Each structure stands twice: as structure tokens, then as C-alpha cells.
Amino acid sequence: MRLRDCHNFSDFRRMAQQRLPGPIFNYIDGAADDEVTYRRNTESFERCDLVPNVLRGVSEIDMSVTVMGQKLAMPVYCSPTALQRLFHHQGECAVAKAAAKYGTMFGVSSLGTVSLEEARKISSGPQVYQFYFHRDRGLNRAMMQRAKDIGVEVMMLTVDSITGGNRERDKRTGFAIPFKLNLSGMLQFAVKPAWAINYFTHEGFKLPQLDEHVDMGGGTMSISHYFTEMLDPSMNWDDVAEMVRLWQGPFCLKGVMSVEDARRAAEIGCSGIVLSNHGGRQLDGSRAAFDQLAEIVDAVGDRIDVIMDGGVQRGTHVLKALSLGAKAVGVGRYYLFPLAAAGQAGVERALEQMRVEIERGMKLMGCTSIEQLTRENLRFR
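Just so it is clear, the model here is predicted, and its values are computed rather than measured. (Residues numbered from 1 in each chain as written. Predicted model: local features only at pLDDT ≥ 70, side-chain atom pairs only at ≥ 80, totals over all residues. Heavy atoms only, no water.)

Draft legend 1. Fine view of helix H9 (residues 193-200). Residues of H9 that are buried: Trp195, Asn198 and Tyr199. Buried positions in H9, seen along its axis, are confined to an arc of 100° and lie on one side of it. Residues of H9 that are exposed and point over 90 degrees away from its buried face: Ala194, Ile197 and Phe200. (Buried < 20%, exposed > 50% of the residue type's maximum accessible area, 1.4 Å probe, protein only. Helix = DSSP H or I, 4+ residues; strand = E, 2+ residues; numbered from the N terminus. Arc of directions from axis to C-beta.)

Draft legend 2. Examining empty space enclosed by the protein more closely. Within the structure shown, the criterion is met by 2 cavities of 30 Å³ or more. If you add up the space inside the largest cavity, you get close to 60 Å³. Along the walls of the largest cavity sit Arg85, Leu86, Phe87, His88, His89, Trp195, Asn198, Tyr199, His202, Glu203 and Phe205, which together make up its complete lining. For the lining of the largest cavity, the residue count by class is 5 nonpolar, 4 polar and 2 charged. By volume, the second largest cavity is sized at about 40 Å³. What lines the second largest cavity is simply Tyr132, Phe133, Thr158, Val159, Asp160, Ser161, Ile162, Leu231, Asp232 and Met235. For the lining of the second largest cavity, the per-class residue count stands at 6 nonpolar, 2 polar and 2 charged. (1 Å grid on protein atoms, 1.4 Å probe; cavity = no way out; pocket = protein on both sides within 12 Å on 5 of 7 lines; lining within 4 Å. Points joined across faces, edges and corners; volume = space filled by probe spheres on them. Nonpolar A, V, L, I, M, F, W, Y, C, P; charged D, E, K, R; others polar.)

Draft legend 3. A look at the side chain of Ser64. If you trace the backbone, Ser64 turns up in the loop between strand S1 (48-50) and strand S2 (65-67). Of the polar contacts made by the side chain of Ser64, one reaches the side chain of Asp62; its length is 2.7 Å. With near-sequence residues (within four places) excluded, Ser64 lies in contact with Lys71, Leu72, Ala73, Met74 and Ile370. (Polar contact = N/O pair within 3.5 Å; in protein donor to acceptor, adjacent residues only side chain to side chain. Contact = heavy atoms within 4.5 Å.)

Draft legend 4. Focus on the packing of helix H4 (residues 91-101) against helix H15 (residues 333-365). Between H4 and H15, the shortest axis-to-axis distance is 8 Å and the interhelical angle comes to 15°. Classified by the angle between their axes, H4 and H15 sit roughly parallel to one another. Relative to H15, H4 is oriented so that their crossing is left-handed. Residue-level contacts link Gly91, Ala94, Val95, Lys97, Ala98, Ala99 and Lys101 of H4 to Tyr335, Leu339, Gly343, Gln344, Val347, Glu348 and Leu351 of H15. (Axes fitted to C-alpha atoms, helices over the stretch in contact; angles between N-to-C directions. Parallel < 35°, antiparallel > 145°, perpendicular 65-115°, else oblique. Left-handed = near helix turned anticlockwise from the far one by under 90°.)

Draft legend 5. Region of interest: the packing of helix H12 (residues 259-267) against helix H13 (residues 289-300). One way to put it is that H12 packs onto H13 with a least axis distance of 9 Å and a crossing angle of 35°. Helix-helix and strand crossings are classified by hand; for H12 and H13 the assignment is right-handed. On the side of H12, the interface is formed by Val259, Ala262 and Arg263, while H13 contributes Glu295, Ile296, Ala299 and Val300. Class assignment for the residues of the contact of H12 with H13 results in 5 nonpolar, no polar and 2 charged.

Draft legend 6. Representation of the nonpolar core. Counting 126 residues, the largest nonpolar core has Leu86, Phe87, Phe251, Ile273, Leu293 and Met308 as its most contacted members. Per element, the largest residue contribution to this core is 14 residues, and it comes from H15. Discounting residues that sit within four places of it in the chain, Phe251 has contacts with Met144, Met155, Leu157, Val240, Met243, Val244, Cys270, Ser271 and Gly272. (Core = buried A, V, L, I, M, F, W, Y, C linked by side-chain atoms within 4.5 Å.)

Draft legend 7. Summary view of the pattern of salt bridges. One pass over the full model with this rule turns up 20 salt bridges. Lys327 serves as the salt-bridge partner of Asp305, at 3.1 Å between the closest nitrogen and oxygen. One end of the pair, Asp305, is in strand S10 (residues 305-309); the other, Lys327, is in the loop between helix H14 (315-324) and strand S11 (328-331), and 22 residues separate them in sequence. Close ionic contact of Arg314 with Glu357 constitutes a salt bridge, the shortest N to O distance being 2.7 Å. With Arg314 in the loop between S10 and H14 and Glu357 in helix H15, this residue pair connects regions lying 43 residues apart in the sequence. With relative accessibility at 14%, the residue Glu357 sits in the buried group. Residues joined in a network through salt bridges with shared partners are Arg13, Asp29, Glu35 and Arg169. (Salt bridge = Lys/Arg side-chain N within 4 Å of Asp/Glu carboxyl O.)

Draft legend 8. A look at unusual backbone geometry. Its identity is not glycine, yet Glu35 carries a phi of approximately 60°, on the positive side. Within the secondary structure, Glu35 is located in the loop between helix H2 (22-29) and helix H3 (36-46). Residue class for Glu35 comes out buried when judged on its relative accessible area of 13%. Even without glycine at this site, His278 takes up a positive phi of about 65°. Examined against the element boundaries, His278 turns out to sit in the loop between strand S9 (272-275) and H13.

Draft legend 9. Molecular detail of the side chain of Ser109. Tracing the sequence through the fold places Ser109 in strand S5 (residues 106-109). For Ser109, a relative accessible area of 1% translates into the label buried. Not counting residues up to four positions away in its chain, the partners in contact with Ser109 are Pro80, Thr81, Ala82, Tyr129, Gln130, Tyr132 and Gln209.

Draft legend 10. The arrangement of the environment of Arg314 in detail. Assessed through its relative accessible area of 33%, Arg314 is described here as partly exposed. Between the C-alpha atom of Arg314 and that of Phe9, which follows or precedes it by 305 residues, the distance is 7.8 Å.

Following this line, the structure appears as C-alpha cells:
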């Protein structure tokens, strides 16, 4: 399968599956427990119908948005995700370059495989730093200051990962960082030698944001131990309020799902929240972000920017979320599969397809700007 054969999310997913060893593909593709929430995220959009208007004069389309003070050329951004150079040697560098080309925001994770500094050099566009809250408060302050010093615009604290989700696909293959594969997992690597050649002939895998704390060579601490030993399960609203004060810039909470939490986020001075269930990878059986969107927009949408992610595979999904009041939509697997399949070229093709789908959808909806998308354009089954 070639990149030019990829016309939608499923095509990119299939191409990535052909290229990646099974344990790595399933790390991207998998979710928690029975993966009910993972499936529900996309299914939630299917219960919503678009109601188009016609004869509106749609020769010129403006799909730009402003989110947490950042101007984006399109209402979709690349959510920060971990371990990207495991999928393709270009990793976050490819995503940063593609996001810059399309004038949108991208994020680097605390578990990112390129440094914040390197990503900043690649793109001067809006950059998010996805942050985990550590037991070591000094480490938290130092990591925030590092991001501030290099000009990262938005701090995004993930609040739904106090402990890791039960990802059974990874248990079946023995997937872990550093690798601790079982026999089945090793055999799946053996049948995909091209990935191994690519992986071992490029720069070694590392976690620059956490070099001093997670050793990818000696294995002094695995990723799973990082979550259980370094992250602080006692994190509370007072801790977050202090981080907001220290950052003194756009601050976003990722993983908010309840109205009560959305209101608290607004009260402590957050600039935005991301409605997210972590792609179904944490609490299985939790509600889809799209299903919860209207309720939270009604509660706090006049005070903070409400964003959502989870299950977005089409431009029409984006239009539905924007019509309910989301200021922008984050995507994860939508660009990770193209990254794994073809590096920067894959991410660019995926973003171009999303841009075209949103523009086409807006024309067919009779809208020339994002502000014209409202709940009058929607009906629910």
C-alpha cells in the first residue's frame, strides 16, 4: 500500500498496520479494558446529523479560529502524544513541520522523543507542552520554566492519568518501554524487518524531557514505573491553581469531563479545557467527549475555551463539534497512523485531507466562517 492510496483514516490505519510490528501498532490502536469507550468516541458522531443551508454564497471560506489566544488557520490541532519516534524515526519533528505548514498548533509531551527546544526550532507556530504532575514539586517548576524560557505558548496539564489504564493488548504482547517482549511479541517484530532497520539506523530512542529520570538504556525506570512511582496521585485543585499562577500564560486542563470540574477550572483561572477520555485508553466505559460537549459549553463556554478530542476521523466530525460550541478539535491517532506509515509526508497528507474535508463541508453547510456553525445546524437521533 502506498501513501497516494490513502484517502481517509482507515486507509492510513491499514498502511500503518502493514508497516509496524504488531506490538507497536497495537500500542497506538489499543485502548483500555474492553475498548468500549474507544469505539464509542467515533460512534457518538454518528448519532448526530448535519442540517445544511443552501444559496449562501460560499466562494470564500475562512476556517481560522483563535484558541487560548493562539490564531490557527484551521480548527484542528495535533494533540501531544508520547513516544512518537517509536512509530517513525522523524517523530515529533515531522508533526511540528506539518503543523507549521498548515498553520495549526501542535504539542510535545513530557514523554516526547524530541526536546521542547528542538521542536521550537522547527516551528514558530503555536506550541503546547503536555505536562504530567510529579511528586517532585521542584521538578514540576523546573519543567515549566524550561518551557517558558523557549517560548512555548500553552501549558496543557493532563489530569486523567494519575494511574495508567488497563491496556490489555500491550499485556498480550509484552509491550513496554524499555522493550520486554514475550515470544509472540518478538515474532511480530521479526516479520517486519523494515521497521527494525529504520529504527536502529537512526538516532537512538530517548525521552529528552525526562532524561535524568527515565533511562531507556539501562532500564532504571520503565514507562509504567514512571506513572506509578513519579506521578503524584495526591494532585488536587490547589496544586493546579498554583501551577496556573506560576505559568502566567494560557493554561489548559486535558481530561476534564464533568461540569463540576469544568467550573472549577474556570474558577482557578484556566484559559481552556480539553474534554477528553484519553482516546479510550484510561477509564473504559466513560462518556464520549462529543456527547458531553454541549453540557459543558453551556456551563462554562462564556468563560473559558472548550476544546475536545477523541474519535475524530472526518472533517464532518469537526464541524459537528464546532457547531456544539467547541473552539477547536484535537486529533491523535488521526495523525499518528499517517506518521507511522510515511513520516512527515503522511502527516501532511492527513492534515491536507482534513483541511479539504472541512472546507468542503462548510461550503455544503452554507457557512463561510466557523462562527456561522451553530446548533441550528444539528439534529440528534
